[in-house]
Structure formats: structure tokens, C-alpha cells
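Each chain, letter by letter, is given below.
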2 protein chains.
Amino acid sequence: MAALETVLDKIDANLESALARLFQLIEIRSVSTDPVFAGDCKAAAEWLAKELTSLGFEASVRPTAGHPMVVAHAKADRPDVPHLLFYGHYDVQPPDPLELWETPPFEPRIADAPTGRQIVGRGVADDKGQLMTFIEAVRAFRESGGLPCKITVLLEGEEETGSPSLPAFLAANKKELEADLALVCDTGMWDRATPAITTMLRGLVLEEVVVQGANRDLHSGIFGGAAQNPIHVLARIIAGLRDGEGRVTLPGFYDGVVELPEEVAEQWRNLAFSEEDFLGSVGLSIPAGEQGRSVLEMVWSRPTCDVNGIIGGYTRKGSKTVLPAQASAKFSFRLVGNQDPAKIAETFRAYVRKILPADCRAEFISHGASRALQLPFSSESLSRASRALRAEWATEPVLAGCGGSIPIVGNFKTDLNMDTLMIGFGLEDDRVHSPNEKYELSSFHKGARSWARVLHALAL
Amino acid sequence: MAALETVLDKIDANLESALARLFQLIEIRSVSTDPVFAGDCKAAAEWLAKELTSLGFEASVRPTAGHPMVVAHAKADRPDVPHLLFYGHYDVQPPDPLELWETPPFEPRIADAPTGRQIVGRGVADDKGQLMTFIEAVRAFRESGGLPCKITVLLEGEEETGSPSLPAFLAANKKELEADLALVCDTGMWDRATPAITTMLRGLVLEEVVVQGANRDLHSGIFGGAAQNPIHVLARIIAGLRDGEGRVTLPGFYDGVVELPEEVAEQWRNLAFSEEDFLGSVGLSIPAGEQGRSVLEMVWSRPTCDVNGIIGGYTRKGSKTVLPAQASAKFSFRLVGNQDPAKIAETFRAYVRKILPADCRAEFISHGASRALQLPFSSESLSRASRALRAEWATEPVLAGCGGSIPIVGNFKTDLNMDTLMIGFGLEDDRVHSPNEKYELSSFHKGARSWARVLHALAL
């Protein structure tokens, strides 16, 4: 196994060319939710397969019903070392609203900020910059003689749309993808100076509802007062989903939600976390979730219900006195503990059907579902990774929760019986999913160094 | 005064050329709510001024802060006859959704339906076809020697957006526009065979609300559970506006709402009106308004609250786990009796501010307001017009209410102290404001004949 210092020096020496490679990847408009960009998603997959091939991997682009997967395998420089499965995603969120970007979203650039240099572009933090930290660590090992572990890479292109093709792909390629441990790089640091290992992930249920009233748009003067208005129906559905104390009202919704173990609760209480700063950074000041819970609980260990989009009737300038024939909304539920995604989707649909007036119909569209996940605190890999991160950042990593969902981690557990080590270098102010998304240059550089240390530690 | 039969024969002889003129007017895309079509609105005004000039009127296109007015004056063939002010509007609703039109909305055509021939095109029933019935009646008198009454024509281009420029225009041109009686042709018949004179009009308050939460769109994983979601806030606002019995909950909302006089209630009860057919024609079956009221009351004599449009967050295909920074909705209140539009707008805004979480802001945009209106049942003009319509249609006209609002009628009463005779030839199935808007050829032809009879009757 190459000396760790040699590998770290390689990463330092490669920084400029690593950035050029990352920029190429960001320039590919791999927006997965909009079919218009299907060709770009394929291009991103091909770019990554080519990159991995150049690093000695046996890499291939594998078709699915949606966007393709990239799968790549490489042997270690000696036998009897762990087999790791690294997962990342090359798809990105839509860049809308475009007018709020300071520079075009798919033309990456380096920006100078008071806190350091930043890389700006859609997907740089979620997840292209992050996955490239791992690939750059692999490159440094390769250029220093060989890999310390056996590595399989799995990159998908549908993470931002709930990974619809993933379960079938895992089932069909179980043998090929099984490993000792999965590594996922789609999470964040505690703060600019403190790394984190994420041990809890919220699950996700995505449900769209289209409410249909009359068989055509109506004049609100002629029919107003007598005809059902689907916007009102949707409003009642949304308003009734949470009670006055911020709790979700669906029957049985909290089944499977567990309270935090006391030692974790204690660690979280002792974190230097300012609720004021967290909300203040986006112009808010009052926690909007369940009363009696801390903000960290609200976003890490408690389930939610949110509407991510709504549309109905006339929405351009001016007014139009129309009663729309239909209105629709996109709902998302964040899950924790052992909440059952299928049961929650079913309960939600039953709730909507119950509220629905006899004159209206509802169409339901599922955009995916995944369970929440918890990594055992006693895991040996967790200890080794913690030590590796402490060596790079000179401070103890936080064992954190994560409000977002990474469906693959659930699939790794359920379908391949693998635990996942979640290490990432994003920051809270990265504007993930928002205009002007950025990734710290230090995250990119020290992230690659961190992965080198983690791979080295896991191989010992 | 020309013999009535001569005038009616002229109208019959002119039918083909009258249709050609109407088609020209429909081809002008005078959508008032969208600034893109401002030039088309001006073109429609100019077309009408030219048409009226050719009929011996002294006509002019008059600029306003919005779309221009057309004002035209013509003398009668003798003195001591009534001076009538005819009002119509040349603007039309947006044609969206375009994909539901069988033929392009601004390419009028004649369609054969089982019940007779129809003219199809945006604005043909609301209000271009209707206003042309009056102009064609005037043409027939002109070609038969002269006009039976002194006539002023006022055509506006902002009726579909709440007539924002109208009050100031009336105030500035009061002397020029005052007359003995106003005529408005923007209403409907009772059914295909039975004409109607509209004696009650609902008023309208149009309020748009933009709710702002965070200062940017947020990732629902990172902030979900802790940050206010403006879509939820809007949903609470909308859901709270009506109680379980369909009544509007704003304090004092029903102040000024009067119960129907018993004789009118009696007439309405005896009308052959099928609630099932009315709602069934648009795919509905259950009256959605105030419990204990008939559907005719709901749409003619009771006030309403409706949301005409809502938008927020991600609304294209697929899903996006975003907490939007803002969401907005367009509200309309239909008013009756003596409800005060200003007071209702104010009460609504106070209600929204009260519901609004401390962390959110609301921006209010008024899109206009007008009072409800009632024509005295004892009016002499009403009796004469009734007789004229009975002569043309061979049946008693219904003295109806109208759920839509025609703000000008309120302004005529308030600012110019004029009563208004509302006669129109639209039908319930005209698809006003909807795709494939149509106007019966019989409405267009017999409508012009009806106006000839009414003008003749008023001049006696």
C-alpha cells in the first residue's frame, strides 16, 4: 500500500487539473426531473465512465427505464482488503428560477468570498463536486502505485427524482454490487472547520395530487358560488394536514417514530448550534415545526409534511375570473425511524379521498418513497473513519443526523444487507437546490484528502 | 322615424356582410390582461371607431392609462327623442389553455351544431358578437333613413381586468357621456328561445396576495420541519375563508346583503330551471355554495369568495424537494345588494395579516372593485324593452339576475346617475372565458333585430 503522505501530496499537486475535470462535469446539464435533459444525463454518465476507465476501472454505462447507471470495478494492490462500494449521483436539480443566478448555472466559476474561494454552479455541492472528491482520491492512489481497497463505483442519474430505477437495478445486479461496506458522499460537514459523519437519514414519500372538479374551466360569475373550486379543495387538504402545534394529522403517521437515545440527544444539545443563525441565514426567525422540539430535532430526527409546489387556475399577470377545472400540488413527507413509506402514502391518499367532495376526483402520482436509516454507533468502520477525519481536520467529527433523504442508503441496507458510511463536505450555506449553488474549494480539496485517509484507514 | 319593418328587413338582408365584419373584429387579439397584446387592443379600438364613423358617428379613440376607449356620437332623425348611451367592451379573456381549442381562438368560423349554427372564437359571446348586434341595428336604421334616438357609444378595452381606467374616464368626460338611459349588451338570454333583461348584477372585489417566507427557495430536507412554507400559509388563508356551510367567514362580510323581494323569489321559483342540468352541463352535480340556498340564489343573489389562481414552488413535471420562498393566489369576491367593496377588501387584508405567521410577509395587489347593482322593477324603459323583446321572440322575457359583474353599470349609477337596461343574447353554454367560446348565429341575428325593436320602442 502506498504511503499515505505520498497520496496526499499527489492530491495537492493535482488540484488545478482536478478542478478542470469537475468543471467539465458541471457543464453537462444533467437535470433528471425534466425529460428535455435526458440526453445530457446520458452524457454525464458517459463522461464519468470514461473518467473511471482512465483510472484503471472496468467501467460501463448501464441503461435503465430512466437515466443510466455507471458501474465500475477496480482491484486493490493486494488481497484480503475490504471491498467498498462507492455511491454518488450525477443528476442535478433544475436551475429555476434562472433569473436569480448571478452567472449561468452550467458555466462553473471560482468566486472569491470573505471565507475563502468557492466553486459556483448547479450541482457542484449536490453531488458532482462531492463525488469527484472520491474519484480524485482514487486517482492519487492510482498514481502512487495502486488502490488500498477493492472498489466498486455506482453512480446514478435519478437521485433528485426519488431514484425510481434503483431498486430494480440493485435487485438485478445484486451479486455484482455486494461489498463489505458502502460509502456515500452526499452529506455535509458540521461547519466550515468540523467534519461530520452522518448516522441518521430521513426517508421520503413524494406524492402528487391532481384535483379535478368541473369538466372545463368555468366563469366565476356564472358558476361562482355553485360550483366546486379545486383550489379550495386542495387548500382544505393542505391546511388539514397539520394541527395547530405543527404535528401531522394523518392517522398513525407517528407510528415507528422513535425518540433519540439520550447520549445522542446530549451530544446534540452540546453542539454549538444557533437556531437564530440557522433560520436567520434564510431570512426567518421562528421555528415552524412541532412545538416543544429543538430545530435540530425538527430537521434531523422528526418527520415532516411539506408542499413543494402548487398550481391551478390563472397565474400570469392581472386577473381572470375563472373557476379552474383542476388544481394540483406536490407533497413530500420526510420520514424517520421505522415509519413505513408505503403505509404513509396509503394513509395520505385515504385522507385526500375522505376530504374530497363527491363532485371532485383526485388523481395520485407517486414520485418515489424511501425509508429512514440509522447507522449503528458501535460500528468499527465508523471508528476508523472518525479517526481519519480527525487527522485531516484536527478536530473531532460530529456524528450527525441529516434531514434530506438518500434513498440508496436504505436500499443498500434492505436489499444488499450493507451498512453505509456517509461522509460529505457540503456546508449549510451551499445553496443546494437554490440559485447560485456553491461548494467550498476547501471542501473539494480537503474532501479528496479526507477520502484518501479514510480509504487508507479502512484498509489497515 | 323609419318603419320598423323596413329596418328589420335591412338586418335580414345584411346578415352575411354583418358576419364578415364580426369576423374581422374577432381576429384582432385584444386580450386586455396581458401587456403583450396592448397593440392588439388599440387596433380593436381603431377598427370600431372606423366602423362607427362609417355609420355617420363622430367617433374617436381616446387614450387612458390602460387600453383606449372608443367614444362616438350620432344625432337622431328628429328632436325630442331619448338620448341613449350604449356601452360594450372590445377586450377579451386570454385564450388559455390553447391546446383545448378545436380551432385557433382568433380564427372565427361558423360551426354546425344540432341546435343550429354557431359562431366560434375568443370573445364572440363576451362581448364582440354582442356589441355588434347593437351596431348592426344602428346600421339598419342608418340605411333606412336615420336613427330613432340620439345615441352615444362608449366601448372600453379593460372590462376583463376590472375596468381600472373607467372611473377616471367617466369623471373626466361626465358632460359628454351623460344620457337619459344606458344600454349594456353583455348579458344572456334565459334559454335558447326566451330573452332576458338583467335587473341584478353582482359586484366584484379582486385581490391578489403574495406570501413571502424565507429570502430564497430552500431544500426541504435541510429546512423541512423548521422553516415556514408559504404554500401552507396560503392554504390556511384559503381554507379559513369559508365555513363548513359554505358561508364566507370574514367579519361583517354579509353586511348589506339583502334577501330577495318575495315577488322576485316567486318568479325564480317558477322558472323552469334544473339545478341538475346547470351543474351537469359542466360535469358537476352537487351545489357547492351556502347550504339552504337554491343554485339560482347562489349565482344571482348571494355573495361568494373564490380563488381564481394559485402558484408556488415547483410546478413542472416530476418532483423537486423545495420549500418555496413565496406563493401567491388571486382571490375574487362576488358582491350583492349594498356590500361595500372597499370595506370587504380591507377586511380581507386584515384577515390575511392576522393568519400570517410572524415570519412571513404578505403583499396585496388590487385588480379592481365594483358594487353590486339593482334596476328598479317599476321602470318605464324596462316595460317598453320587455314588450319589444316579446314581439321579437314571441315569449315573455325573464327579469333575471346575473352572477357576473359589469362594473360600468355601477359607475353609470353612481357617477352619472343613469339607470341601465341590460339586454344580451348570450347562452349558458357559450363557453364564455373557456376554450371554444361560441355565440349562436340566432343570437347574433335576432339580437340585432331585438335592438332595432328596443330602439324603436324607446323612441315612441
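Residues numbered from 1 in each chain as written. Chains lettered and ligands numbered in written order. Predicted model: local features only at pLDDT ≥ 70, side-chain atom pairs only at ≥ 80, totals over all residues.

Asks: Mind showing me how you'd approach the relation of the copies chain A and chain B here?
Replies: One copy of the chain maps onto the other through a rotation about an axis plus a displacement along that axis. Each copy superposes on the other: chain A lies on chain B with an RMSD of 0.0 Å after a rotation of 180° and an axial shift of 0.0 Å. With respect to symmetry, the two chain copies, as superposed, fit the operation of a two-fold axis. Looking at chain A, 100% of its interface residues are interface residues in chain B too, so the copies touch through the same face. (Least-squares fit on C-alpha atoms with pLDDT ≥ 70 in both. Contact = placed C-beta atoms within 7 Å.)

Asks: Would you take a moment to explain the packing of helix α12 (residues 380–393) of chain B against helix α14 (residues 441–459) of chain B for this structure?
Replies: Helix-helix packing: each pair is described by the crossing angle between the helix axes and the interaxial distance. All names here are of chain B. Orientation of α12 relative to α14, taken along the N-to-C sense of each, is 140°, at an axis distance of 8 Å. As far as their axial angle goes, α14 and α12 are oblique. As α12 runs across α14, the sense of the crossing is right-handed. Across from S381, R384, A385, R387, A388, L389, A391 and E392 in α12, the residues of α14 making contact are K446, R449, S450, R453, V454, A457 and L458. The class makeup of the residues in the contact of α12 with α14 is seven nonpolar, two polar and six charged. (Axes fitted to C-alpha atoms, helices over the stretch in contact; angles between N-to-C directions. Helix = DSSP H or I, 4+ residues; strand = E, 2+ residues; numbered from the N terminus. Parallel < 35°, antiparallel > 145°, perpendicular 65-115°, else oblique. Left-handed = near helix turned anticlockwise from the far one by under 90°. Nonpolar A, V, L, I, M, F, W, Y, C, P; charged D, E, K, R; others polar.)

Asks: So what exactly am I meant to see when it comes to the domain arrangement of chain A here?
Replies: You'll often see interface size given as the accessible area lost when the parts meet. Residues and elements named next belong to chain A. Split by domain assignment, chain A resolves into domain 1 (4–202 + 372–459) and domain 2 (203–257 + 290–370). The C-alpha-based centres of domain 1 and domain 2 are spaced at 33 Å. Taken together, the contact between domain 1 and domain 2 spans 13 residues of the former and 14 residues of the latter. Listed by contribution, the elements that provide at least two residues to the side of domain 1 that touches domain 2 are β16 (398–402) and α13 (407–416). Among the residues making up the side of domain 1 that touches domain 2, the classes are represented as five nonpolar, seven polar and one charged. (Domains from an automatic or database assignment.)

Asks: It is not clear to me how the interface of chain A and chain B should be interpreted in this structure. Could you clarify?
Replies: Across the boundary between the two partners, chain A contributes 78 residues, which contact 78 residues of chain B. When contributions to the side of chain A that touches chain B are tallied by element, the ones reaching two or more residues are β10 (218–219), α6 (220–223), α7 (230–239), α10 (295–301), β11 (304–313), β12 (322–323) and β13 (326–335) of chain A. Here the side of chain A that touches chain B gets nine residues from one element, more than from any other, and that element is β11 of chain A. Classifying every residue of the side of chain A that touches chain B gives 32 nonpolar, 33 polar and 13 charged. Inspection of the sheet shows β11 of chain A paired to strand β11 (residues 304–313) of chain B by five bridges, in the antiparallel sense. Within the sheet, the bridge partner assigned to G309 of chain A lies in β11 of chain B and is G313 of chain B. (Pairing = 2+ DSSP bridges.)

Asks: Looking at this structure, how should I read the pairing of β11 of chain B?
Replies: Looking down a regular strand, the side chains alternate between one sheet face and the other. All names here are of chain B. Counting buried positions along β11 gives 10 out of 10 residues, so the element sits mostly inside the fold. Alignment of β11 against strand β13 (residues 326–335), held across eight bridges, turns out to be antiparallel. Within β13, the residue paired with T304 across the bridge is R334. (Buried ≥ 20, exposed ≤ 12 C-beta atoms within 10 Å, placed from the backbone.)

Asks: Is there a simple way to explain the pairing of strand β3 (residues 83–89) of chain A in this structure?
Replies: Residues and elements named next belong to chain A. Of all seven residues in β3, six are buried, a share of seventy percent or more. Bridge count between β3 and strand β6 (residues 150–156): seven bridges; the pairing is parallel. The partner of H83 across the bridge, within β6, is K150. When β3 meets strand β7 (residues 181–184), the two strands line up parallel, connected through four bridges.

Asks: I keep staring at unusual backbone geometry and nothing clicks. Help me out?
Replies: Leave glycine aside and you will find that most residues have negative phi; peptide bonds, for their part, are mostly trans. For the peptide bond that leads from D126 of chain A to D127 of chain A, omega is 15°, which places it in the cis range. For D127 of chain A, the position within the fold is in helix α3 (residues 124–143). With omega at -10°, the peptide bond leading from D96 of chain B into P97 of chain B counts as cis. Summarising the element assignment, P97 of chain B is placed in the loop between β3 (83–89) and β4 (109–113).

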